[in-house]
Amino acid sequence: MGDQVIRLTLNGSPVVVEAPGDMPLLWVLRDKLGLTGTKYGCGMGTCGVCTVHIDGSAAFSCLTPVAAAAGREVTTIEGLSPEGEHPLQRAWIAEQVPQCGYCQSGQIMRAAALLARNGTPTREEIIEEMQANLCRCGTYLRIVRAIERAGEEM
Amino acid sequence: MTDSMPISRRTFIASAALAAGGALAIGLRYMPWGRMAEPSGSVEVFNWIVVAPDDTITIRIAQMEMGQGTMTAMAQLLAEELEADWSKVKTELISIATHLRRGRIYGRTTTAGSEGVSRSQMLLRTSGAQIRTMFVRAAAKRLGVNESELVAKNSVVTHTSTGRRLTYGELAADAADVPVPDPDSVELKDPSEWRTIGASVDRVDLPGKVDGSATYGIDVEVPGMKHAAIAMSPVFGGRLVAHDAQAALGRPGVQRVVVLPDAGAVAVVADEWWQARSAIDAMKVIWDEGTWASVDSAAIRAGLMEGFEGPPDRSLRNDGDVEGAIASAARTLEADYFTPYLEHAALEPMNCTALVTRRRFEVWAPTQVPEFAMETAAEAAGMAAGRGILHVTQIGGGFGRRQETDFVAQAVQIARAMRGTPVKLLWSREDTMQHGFYRPASLSRIRAALDGEGNITAWWHRIAAPSTDEVRNRFGSDSLLYAIPNMRVELVSRSSHVPEGQMRGVGFSIHGFVTQSALDELARAAGRDPYELQRTLLDPEKTPAIVPTATLEGQITHDLRPRERAARLRAVLDEVAGKSGWGSPLGPGRGRGLAVQEQADAFYAVVVEVTLDGKGWFRVDRVVVAGDPSFLVNPRNAEAQVEGSVAFGLTSAMYGEITIDRGRVAQSNFHDYPMLRIREMPKVETHWVLSRQPGWGGVGEPVVSAVIPALTNAIYDAGGPRIRSLPIRNHEISVEGGRARG
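What you see is a predicted model; the values in this text were computed from it and never measured.

1. Here we look at the overall build of chain B
Part 1 of the reasoning: Helix and strand content of chain B: 19 helices and 30 strands.
Part 2 of the reasoning: What you see for chain B is a C-alpha radius of gyration of 28 Å, in line with the 27 Å of a compact globule of 742 residues.
Part 3 of the reasoning: Taking the principal axes of the C-alpha coordinates as reference, chain B spans close to 80 × 75 × 45 Å.
Part 4 of the reasoning: Expressed as a percentage of its 742 residues, the buried residues of chain B come to 57%.
Part 5 of the reasoning: In chain B, the proportion of contacts linking residues at least 24 apart, taken out of those at least 6 apart, comes to 79%.

2. A closer look at the interface of chain B and chain A
Part 1 of the reasoning: With 47 residues of chain B at the contact, the number on the chain A side is 41 residues.
Part 2 of the reasoning: Elements supplying a minimum of two residues to the side of chain B that touches chain A: helix H6 (207–210), helix H8 (273–282) and helix H18 (635–654) of chain B.
Part 3 of the reasoning: The leading source of residues in the side of chain B that touches chain A is H18 of chain B, at seven residues.
Part 4 of the reasoning: Partitioned by chemical class, the residues of the side of chain B that touches chain A number 23 nonpolar, twelve polar and twelve charged.

3. Comments concerning the pairing of strand E6 (residues 89–93) of chain B
Residues and elements named next belong to chain B.
Part 1 of the reasoning: Note that strand E5 (residues 57–61) and E6 share five bridges and pair parallel. In the sheet register, Thr 58 faces E6, and the bridge partner there is Lys 90.
Part 2 of the reasoning: Handedness of the crossover joining E5 and E6 through helix H2 (residues 70–82): right-handed.

4. Let's talk about the nonpolar core
Residues and elements named next belong to chain B.
Part 1 of the reasoning: Formed by 277 residues in total, the largest nonpolar core has its most connected members in Val 268, Val 412, Val 606 and Val 707.
Part 2 of the reasoning: Element by element, the count of residues in this core is highest for helix H4 (residues 116–143), at ten residues.
Part 3 of the reasoning: When near neighbours in sequence (up to four residues on either side) are disregarded, Val 268 contacts Ala 228, Ala 229, Ala 248, Val 254, Val 257, Ala 276, Ala 279, Ile 280 and Met 283.

5. What about the sheet that holds strand E4 (residues 49–51) of chain B?
Residues and elements named next belong to chain B.
Part 1 of the reasoning: Taken together, four strands build an open sheet; the order of strands is E3-E4-E5-E6 and the sheet is mixed. Sheet topology places strand E3 (43–45) and E6 at the edges, where each strand pairs with a single neighbour. Averaged over neighbouring strand pairs, the angle between their axes works out to 30 degrees when direction is ignored.
Part 2 of the reasoning: Sheet analysis places E3 next to E4, joined by three bridges and oriented antiparallel. By the bridge assignment for E4, Val 45 is matched with Ile 49.
Part 3 of the reasoning: Sitting on the sheet, helix H5 (residues 168–177) touches E3, E4 and E5, and the angle it makes with E3 is about 65 degrees.

6. Quick notes on helix H1 (residues 25–32) of chain A
Part 1 of the reasoning: Across the eight residues of H1 of chain A, seven count as buried, placing the element largely inside the fold.
Part 2 of the reasoning: Listing the buried residues of H1 of chain A in full gives Leu 25, Leu 26, Trp 27, Val 28, Leu 29, Arg 30 and Asp 31 of chain A.
Part 3 of the reasoning: Check the buried side of H1 of chain A and you find it contacts strand E2 (13–19) of chain A together with strand E10 (226–232) and H8 of chain B.
Part 4 of the reasoning: Following H1 of chain A by one or two positions, Gly 34 of chain A has its phi on the positive side, about 70 degrees.

7. As for the sheet that holds strand E19 (residues 388–392) of chain B
Residues and elements named next belong to chain B.
Part 1 of the reasoning: An order of E12-E13-E10-E20-E17-E18-E19 is seen for the seven strands of this open sheet, with the pairing classed as mixed. The open sheet has two edge strands with one neighbour each: strand E12 (254–259) and E19. For this sheet, the mean angle separating the axes of adjacent strands, direction not counted, is 20 degrees.
Part 2 of the reasoning: The pairing of E10 with strand E13 (residues 265–270) spans six bridges and is classified as antiparallel. Each residue of the ladder has a partner; that of Met 232, found in E13, is Ala 265.
Part 3 of the reasoning: Contacting E10, E12, E13 and strand E20 (423–426), H8 runs over the sheet at an angle of about 25 degrees to E10.

8. Re the packing of helix H15 (residues 508–525) of chain B against helix H19 (residues 702–717) of chain B
Residue and element names in this part refer to chain B.
Part 1 of the reasoning: With their axes 8 Å apart at the nearest point, H15 and H19 run at an angle of 35 degrees to one another. As for how H15 packs across H19, the hand of that crossing is right-handed. Each of Phe 508, Ser 509, Gly 512, Phe 513, Gln 516, Ser 517 and Asp 520 in H15 lies in contact with H19, whose residues at this interface are Pro 702, Val 704, Ser 705, Ala 706, Ile 708, Pro 709, Thr 712 and Asn 713.
Part 2 of the reasoning: Here the residues of the contact of H15 with H19 are counted per class, giving seven nonpolar, seven polar and one charged.

9. As for the packing of H18 of chain B against H19 of chain B
The description of two helices packed together rests on the angle between their axes and the distance between the axes.
All names here are of chain B.
Part 1 of the reasoning: Close contact between H18 and H19 brings their axes to 8 Å; oriented N to C, the two are set at 50 degrees. With respect to H19, the axis of H18 lies oblique. Considering how the two elements wind past one another, H18 and H19 form a crossing that is right-handed. When H18 is examined against H19, the residues Val 642, Ser 645, Val 646, Phe 648, Gly 649, Leu 650, Ser 652 and Ala 653 are found in contact with a partner set consisting of Val 703, Val 704, Ser 705, Val 707, Ile 708, Leu 711 and Thr 712.
Part 2 of the reasoning: Within the contact of H18 with H19, the residues separate by chemical class into ten nonpolar, five polar and no charged.

Criteria and cut-off values
- Residues numbered from 1 in each chain as written.
- Chains lettered and ligands numbered in written order.
- Predicted model: local features only at pLDDT ≥ 70, side-chain atom pairs only at ≥ 80, totals over all residues.
- Helix = DSSP H or I, 4+ residues; strand = E, 2+ residues; numbered from the N terminus.
- Rg over C-alpha atoms; globule rule 2.2 N^0.38 Å.
- Buried ≥ 20, exposed ≤ 12 C-beta atoms within 10 Å, placed from the backbone.
- Contact = placed C-beta atoms within 7 Å.
- Nonpolar A, V, L, I, M, F, W, Y, C, P; charged D, E, K, R; others polar.
- Pairing = 2+ DSSP bridges.
- Right-handed = clockwise from strand over helix to strand, strands pointing away.
- Core = buried A, V, L, I, M, F, W, Y, C linked by C-beta atoms within 7 Å.
- Axes fitted to C-alpha atoms, helices over the stretch in contact; angles between N-to-C directions.
- Left-handed = near helix turned anticlockwise from the far one by under 90°.
- Parallel < 35°, antiparallel > 145°, perpendicular 65-115°, else oblique.

Shown next as structure tokens:
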């Protein structure tokens, strides 16, 4: 199984990677491209700490073969906002959301995809969307408040 | 009293001399592999702070950050007495190597037991006051005035009569030369004067946690680093018999196959982790699974049941005449309660990065126990600890799992085989789930007696635990403050091949469920309201004169008398009853449950409200918490800890269960070890009843243990089943919106 040459757009810039086509995007991001803000948690799409955007939609990068990202736009937490000033990031600080913080890149990326398609989600819509992402520290109440706060700001 | 007392000046000078510099290490700090000057004129003052010319103060933190907010709280404690301008405070973790070289000057570094604040506060406040005094004395000398004419505030020393002022940045070099005052000579502020302690300042560690820049152990990058994946014996204690190294070595990027010294594991080292992981999967490995391969959960539980027969191994408490009271009782009740093994399930899988050269070793680890990790690494490297450097990273969840250093030993062993090449070892989720140090299972039998008026006259608790550690098998069982004249608590403890460890809540998470469930059952049997019964039993005037505490032999604790403890517990009970509207009518299918918890000088009471839909589903609507940890350093963060404790406890109550099948853990990942998700998270209301007395308590754990029985009591109150074994999903009731029952 040899490497493939895969071209994709990463955080707004064109990127060429050589990797086995079935290598998960998660490990391409972390070990080949040095973007470690996207985390490994379960490897099977049950925890959401690896959440990135592919063409603007939230996706589990641990379940996405890098070949499936070819020609598409991938955004990670590092590319969400140039200065880390996305309304969600500011809201996450305002509500003092993170505890250990390990899941929060994934939480913020999923929330950002939600707000991008629905700027004024109801509490039920927020919960429905965020159900995919685990937080072992239990920051859920603050996550909901932060998404509501950011939604109002946007 | 605390474990970490302020060091006297004499101690300081002695340890500083040991530390290699002799006098104060002004302007110098220890860096990996050597000693380097602080950049641009920064000055270290008395170990704890580094002051830059622009008045930025970096406070060194000796407790490990795993999300509990300890870096912020520790800094607040020191900054308060230092009179530091909080807007210019930064933090950094101490250097463990410096700590050890300077004679453990930073006090306790082990981060566990919700004791960060309680055990560090006196050392930090006193150190802050000592350093403030050094700044004031330096200013007095510079200005040629008496110390008494000077006031320190907001990182500035001001001469009150003339208004002349010197900033800490301007004074730092001189202050570092001032002899460190004796800790007994400095006066601490009255709590009413605190401005930084008790303020809900923003957590110092959060900016890097919202933009992906925080470096966890898994994110460590060292030049030339290789990646390791590992296969461990599926049955605990098994040994490697054979492995097909060639199958791995022929794969892309693979550098080396390393059998670990105890033959309990084999690792593959490759250029990238995915390559290493894939190679491990491709490698045929044969294990000698040993004698434990036939053990399963049913056998372990049957062994515990035998513990109910025959004499106990240990009597933990024996007040009055339990057998006589039971013999003469109007009614007796007996019930067995079971709690399963649990895994910590920190979202960051176990990992550690290590470099071993001919003469030195360097380790990067997410660890709660840096000094133990250093010892472990030194042993694995075959060198003295003085030859090593340990960098503690951000920790993606600790919960007690990272009090163990198994993964540190492995990483250093692999790096030793790869001498000169840094190696990052990363476990998969499956490795992490199946090679843990589990909160032990436990079985309890409660026998209790009621008299004709519904008073509890006897309480007999027999514990049968596959655990030999009393923090896990005893804590929470024998420290009950209830006015029950005849009380016996006894223990049968059996070792098991399943590795056990501390988990958030420790033994309280077991015995909180047992005792608070039994009390609720007794209230129902006696036709009494659970709150009224608890309140009657927590009468300080009737509390036994001697009640054990949940402390280890030889451990220094605050000497709270049982009647004070009972009074504080009753105060939070009353608060939670009031705030929750206890006794007010609830609609059909709804119920309330109550539980109290004393843990390490902290007192909590919890009320849970649930709704049952009559079709086998329930929803947790509301959790009301009242707490008295005596003081709060950062209220907003303390509330976050309570919210997190609710989530952690609800996960254990509703879902948590590790089972053993053919000697190994049956669960492997989050599909079969589900945890609380956002939909199941209830509203949490936290109310503080701060007694502001010596004897600081914790905020990170007690609610974990109280919320579990409060929930099961609420389910019963709402018309659901009496839950005597956890998790709830094994019963004919499931969580609304949750995952399917297992």
